[in-house]
Amino acid sequence: MPLVPLKMSAAQLDRALAAMARVVGRDQVFAAEDDRRSYRDAYGPSHRSDHQPAAAVAPQSTEELQALLRIANEHKLPLWPISRGKNLGYGGTAPVLSGSVVLDLSRMKRILEVDVKSNYCLLEPGVSFFDLYQHLTDNKLPLWMSVPANSWGSVVGNALERGIGYTPYGEHTDRICGLEVALPSGELLRTGMGAMSGNKAWRSYKYGFGPAWDQMFVQSNFGVVTKMGLWLMPEPESTLTMQFELDEPQDLVWALDLLGELRMRRVIDSHVTIGTPLRTASLFTQRSEWYSGPGAVPDAVVREMAKKYGVGWWTFAIRLFGYEEVNQANARIIKAAFGKHSTREFKESTWRRGEPLPRAAVQVPTTFFLQAVNWHGGRGGHMGFSPMLPHGGEGAYAQYLRTKQRFDEFGIDYYGGFTLAERYATNVNIVLYDRDQRDMTDRAYRMIDQLVKDTAQAGYSEYRAHLSFMDGVAETYDFNHHAMRRLNQTVKDALDPNGILAPGKSGIWPRRFRASKETT
Ligand code: ADP
């Protein structure tokens, strides 16, 4: 039985795919069982049957993409755009709605511009972090990227999901400047100054004249981004890295108060990620080497990990970028502030322009951190649970205790931490599992469901969610009887009356699926 989208027959799907094949060529329409399998969530539990794509189609130009959107409208065929589909832990290549056809943009991978005076690039969605890095190094361009911990994916896709990195340009979505977007109708739009043909400030001034729409196309299903302007960082003269350890869980309170203050004053100008020893252990070892008893890995075993790797209960690095003199001045301020609370030694290292890059340099793409999914052995996977908190140690510590208690209750190893930005802290929790162990993955799903509710009750919610939790998270944004959902739906219905683009993305359902959702 072929999988067909809701409200569509197999014959209708065949006709739509045949029309698409006439645009992209038969070899760029992927509808065989193997193809469909390869577009499922690579980290999804193997027994689950949700989020199954019916097929995938891969255009190589904006014109082809526009033609596909028009065909999708004619046939009312739901499409799910991906750039490279490495949104691992949040759904990868898979759509929310089973039967959607994945719109794979990975062949649209031109680096259209890199400007070393104004320090920006203009990219198509298929450009990977590795492609851009290669381009910058091959051409000896003095510009740095900011890369996420797992940098397998696309630069555009990551910024569209509000991914982060660890240089001063680490808030990726903030560095977007100017988009070209195909609206669901297929019509092409440029945002910001790009709304004026030939405007030379398109990649330099974000807002244009009147309302600014860039963020409207981020984490939404209002358009398909075909080009993105993105700011790059001028290569700094020097970097200074300090490695800190905190011995006790409750040290989080003073440390986050301090880090928040230093972030807001921009003494520290890049994200700081603070995590527990299991984070280190999962990169180099497997669970069975530490513990094989019932329930989650006990705290005493986590302490053994800390001992083995010479780390504290919490570990973090502070990285400074810029002129060496300025970095040293900021480092003195940071050391004096931490010295008031802790006598623990910390490691410090400096890199200067022209020297070989240090290991794990934060502007170099890597997939090393994916090693963590090997924790349980078998076919590993993970899911993220990431609520946003304001700065402040007390609130973060309460969130840690609440979450850790749930991990223990559900028998899942606690792998959590906090990423400090200038104004907020993301409480990043990674749920590791073996995809083929049904009991383990079911517990993971139930726990995340519970965490969404607990966290909402405490007054927080997530910034990003796995496909399976998008509705649940959207539900927590409930001010004035879900006024935000109603606005999103109004915009969705106006721009996409046939409901063809990414139904269900971020909990936004087009009209024609809303009624059936209510009855299912
Ligand atoms: P990455 O490979 O960088 O991890 P993905 O391609 O998986 O990024 O994209 C993450 C999510 O962002 C997708 O699931 C989709 O919802 C959205 N997205 C990706 N690319 C586009 C695009 N070009 N236009 C609109 N939305 C997109």
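Further up the page is the structure itself.
If you're wondering where the values come from, they're calculated on a predicted model, not measured in any experiment. (Residues numbered from 1 in each chain as written. Predicted model: local features only at pLDDT ≥ 70, side-chain atom pairs only at ≥ 80, totals over all residues. Heavy atoms only, no water.)

Trainee: Give me the lowdown on unusual backbone geometry, citing residues and values where you can.
Mentor: The residue Ala502 is not glycine, and still its phi comes out positive at about 45°. Checked against the element boundaries, Ala502 lands in the loop between helix 13 (479–495) and helix 14 (511–519). Look at Ala502 and you get buried, because its relative accessible area is 3%. Here the phi dihedral of Ser506 falls at roughly 55°; this positive angle occurs in a residue that is not glycine. Judged by its relative accessible area of 23%, Ser506 falls in the partly exposed class. (Helix = DSSP H or I, 4+ residues; strand = E, 2+ residues; numbered from the N terminus. Buried < 20%, exposed > 50% of the residue type's maximum accessible area, 1.4 Å probe, protein only.)

Trainee: Would you mind going over the sheet that holds strand 1 (residues 29–30) in detail, with residue names and values included?
Mentor: Taken together, 4 strands build an open sheet; the order of strands is 1-2-4-3 and the sheet is mixed. Edge positions in the sheet fall to strand 1 and strand 3 (79–82), since each of these pairs with one other strand and no more. Sheet strands touched by helix 3 (residues 62–75): strand 2 (55–57), strand 3 and strand 4 (101–104). Its angle to strand 3, the strand with the most contacts, is close to 155°. (Pairing = 2+ DSSP bridges. Contact = heavy atoms within 4.5 Å. Axes fitted to C-alpha atoms, helices over the stretch in contact; angles between N-to-C directions.)

Trainee: A description of helix 10 (residues 393–410) should follow, citing residues and the corresponding values.
Mentor: In this model helix 10 runs 26 Å from its N-terminal to its C-terminal C-alpha over 18 residues, within 8% of the 26 Å that 1.5 Å per residue would give. Within helix 10, burial applies to Gly393, Ala396, Tyr397, Gln399, Tyr400, Thr403, Lys404, Arg406, Phe407 and Phe410. Following helix 10 by one or two positions, Gly411 adopts a phi angle in the positive range, close to 70°. (Expected span 1.5 Å × (residues − 1).)

Trainee: Can you explain the environment of Gly378? Please cite residues and give values.
Mentor: Among the secondary structure elements, Gly378 is positioned in the loop between strand 15 (347–352) and strand 16 (380–385). Measuring from C-alpha to C-alpha, the distance between Gly378 and Asp436 comes to 7.4 Å, with 58 residues separating the pair along the chain.

Trainee: Explain the site of the ligand to me, using residue names and the numbers behind them.
Mentor: Near the ligand you find 21 residues, and of these Ser83, Gly85, Lys86, Ser154 and Lys505 are the closest. Between the ligand and Val225 there is a distance of 2.9 Å, counted from a nitrogen atom to a backbone nitrogen or oxygen. Measuring from an oxygen atom of the ligand, one finds a side-chain N or O atom of Lys505 at 2.9 Å. Within the complex, 96% of the 550 Å² of free accessible area of the ligand lies under protein. At the level of secondary structure, the elements contributing two or more residues to the shell around the ligand comprise strand 3, helix 5 (155–160) and strand 10 (224–231). Taken together, the residues that form the shell around the ligand break down as 8 nonpolar, 9 polar and 4 charged. (Near = heavy atom within 4 Å. Polar contact = N/O pair within 3.5 Å; in protein donor to acceptor, adjacent residues only side chain to side chain. Areas by Shrake-Rupley, 256 points an atom, 1.4 Å probe, with all protein chains shown as cover. Nonpolar A, V, L, I, M, F, W, Y, C, P; charged D, E, K, R; others polar.)

Trainee: Go over the pairing of strand 6 (residues 120–123) with me, naming the residues and quoting the values.
Mentor: A two-sided burial pattern is seen for strand 6, the buried positions comprising Tyr120 and Leu122 on one face and Cys121 and Leu123 on the other. Pairing between strand 5 (residues 111–115) and strand 6: 4 bridges, direction antiparallel. The residue of strand 6 that forms the bridge with Asp115 is Tyr120. With antiparallel pairing between neighbouring strands as the criterion, strand 5 and strand 6 make up a hairpin whose turn holds 4 residues, including Asn119 at a positive phi of roughly 60°. Pairing geometry for strand 6 and strand 10, over 4 bridges, is antiparallel. The residue bridging Leu123 from the neighbouring strand is Met228, located in strand 10.

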